[in-house]
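# Remarks on the overall topology
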Amino acid sequence: MRQRIQTLDGLRFLAAIGVLWIHAWTLCGNPRYYIAGIDVASILAIGGNGVDLFFVISGFCMYYFYASKSNFSYHDFYRFIVKRWVRLSTAFYAATLVFMLVASGRYHTPFSPIPLFTSVFYLNSIFPQYTAATHFWTLGVEWQFYLVVPFLLIYQNRTGFTKTFTGIFGLLLFVAIASVFIFKSGFDLLTEQIIYRGSEFGCGVVIARLLYTGRTVLRNRIFCLVLFLVLTYAGRIMISKTVLSLLQDYYNLFKVIGFAVMAAGFAGILFMALTSAKWLNLLLGNRVFKTMGRISYSFYLWHPLVLSFAGAQVVKFIPVEKGMITPVAITIASTILLYPISLLSYALLEKPFLSVGNLSTK
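Residues numbered from 1 in each chain as written. Predicted model: local features only at pLDDT ≥ 70, side-chain atom pairs only at ≥ 80, totals over all residues. Heavy atoms only, no water.

### Some words on the side chain of T326
- The topology assignment puts T326 in helix α16 (residues 325-350).
- T326 sits in the buried class, given a relative accessible area of 0%.
- In this structure the side chain of T326 is engaged in a polar contact, spanning 3.4 Å, whose partner is the backbone oxygen of I318.
- Setting aside its immediate chain neighbours within four residues, T326 contacts C28, V314, V315, I318, P319 and V320. (Helix = DSSP H or I, 4+ residues; strand = E, 2+ residues; numbered from the N terminus. Buried < 20%, exposed > 50% of the residue type's maximum accessible area, 1.4 Å probe, protein only. Polar contact = N/O pair within 3.5 Å; in protein donor to acceptor, adjacent residues only side chain to side chain. Contact = heavy atoms within 4.5 Å.)

### With respect to the environment of L123
- With respect to the element layout, L123 can be found in the loop between α6 (114-120) and α7 (137-159).
- C-alpha separation for the pair L123 and P110, spaced 13 residues apart in sequence, amounts to 22 Å.

### So, the pattern of salt bridges
- In this structure the tally under the stated criterion is five salt bridges.
- As a salt-bridge pair, D52 and R197 come within 2.7 Å of each other at their nearest N and O atoms. Taken together, the positions of D52 in helix α4 (residues 50-64) and R197 in helix α9 (residues 194-212) put the pair 145 residues apart, joining distant regions of the chain.
- Judged by relative accessible area, D52 falls into the buried class, the value being 3%.
- With a closest N to O distance of 2.9 Å, R87 and E350 form a salt bridge. One end of the pair, R87, is in helix α5 (residues 74-107); the other, E350, is in helix α16, with 263 residues separating them in the sequence. The burial state of R87 is the same as that of E350; both residues are buried.
- Salt bridges sharing common partners tie together D52, R197 and E200. (Salt bridge = Lys/Arg side-chain N within 4 Å of Asp/Glu carboxyl O.)

### Some points on the packing of α7 against α9
- Contact geometry of α7 with α9 gives a least axis separation of 10 Å together with a crossing angle of 50°. Here α7 lies oblique to α9, going by the angle between them. Of the two elements, α7 crosses α9, and the hand of that crossing is right-handed. Along the contact surface, α7 presents W137, V141, E142, Q144, F145, L152 and Q156, while α9 presents I194, R197, F201, V205 and R209.
- Of the residues in the contact of α7 with α9, the class split is seven nonpolar, two polar and three charged. (Axes fitted to C-alpha atoms, helices over the stretch in contact; angles between N-to-C directions. Parallel < 35°, antiparallel > 145°, perpendicular 65-115°, else oblique. Left-handed = near helix turned anticlockwise from the far one by under 90°. Nonpolar A, V, L, I, M, F, W, Y, C, P; charged D, E, K, R; others polar.)

Read these as spatial facts, not as claims about activity.
What follows is the structure in structure tokens.
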């Protein structure tokens, strides 16, 4: 199992690179590149959903690594929250301070402590106007999930996994759908909360449950991989501007469906990666991917700053008029710069806190 779990790092790396790529592509004005009439840029834009893949992986990890504790209690709930806070917060708070200082110097604005307060309590997705960096909203959603998953771990031992899972994630889905008809297009902020993103974490939990119970057999793996890729892209199409424009007041319904379908695709790919003993396992479990995946959290935290710097330097030599060449060059340059920065951040701000507050697994 140790070898299989290492493939998670490969998927984390792909998710992190995908986020970096989409931001580089957007920075260059979303240039297009066609091969045989096919818009390759639109296909590669799936990288923008690296965050959604992160959520699926998070759902998997939080259930898989704690489900073995058969007597998970409210005391363990407290220890779980402390462990997650210690694990994530040092690097996150450091990044928040740096982003605040950079923004204050860049825009010559007074230093305000409000974004720091928002990050301290992981409220970035709820108060995006007071966040130090726009991509920090994902940390807020992660924490909303951390407050939900212990209830699954506690009550599955009392009422069974299926009933507990259906109750929790079914309720989140019901609230999301209800909000579409109550608020219509007037409250998009909800789409970046656990209410809408619960299906993504939930799909990760389902995959963890399958592996935990030993259900790892897939017939016709090639067909399944194609199916999961189709689901992933179908979900992305559902949340595209073209589709959303079809419903003026209820377009967020497409987001509810799109996030769920895309999560199902990502979850299927995750399942195949974790149960593959051959090429998919070798691809995602190679040394480079494992190393980059291990530092993907720091990679994600610092990438906008590095991307901004790398982009400014690259366009001096490769102007945006060069089309797809420019964002590719920016992505490569940013990755090269991010590697040592992320390694240092991981060593100083993450690794010392990995074992703090571990729950007993007996």
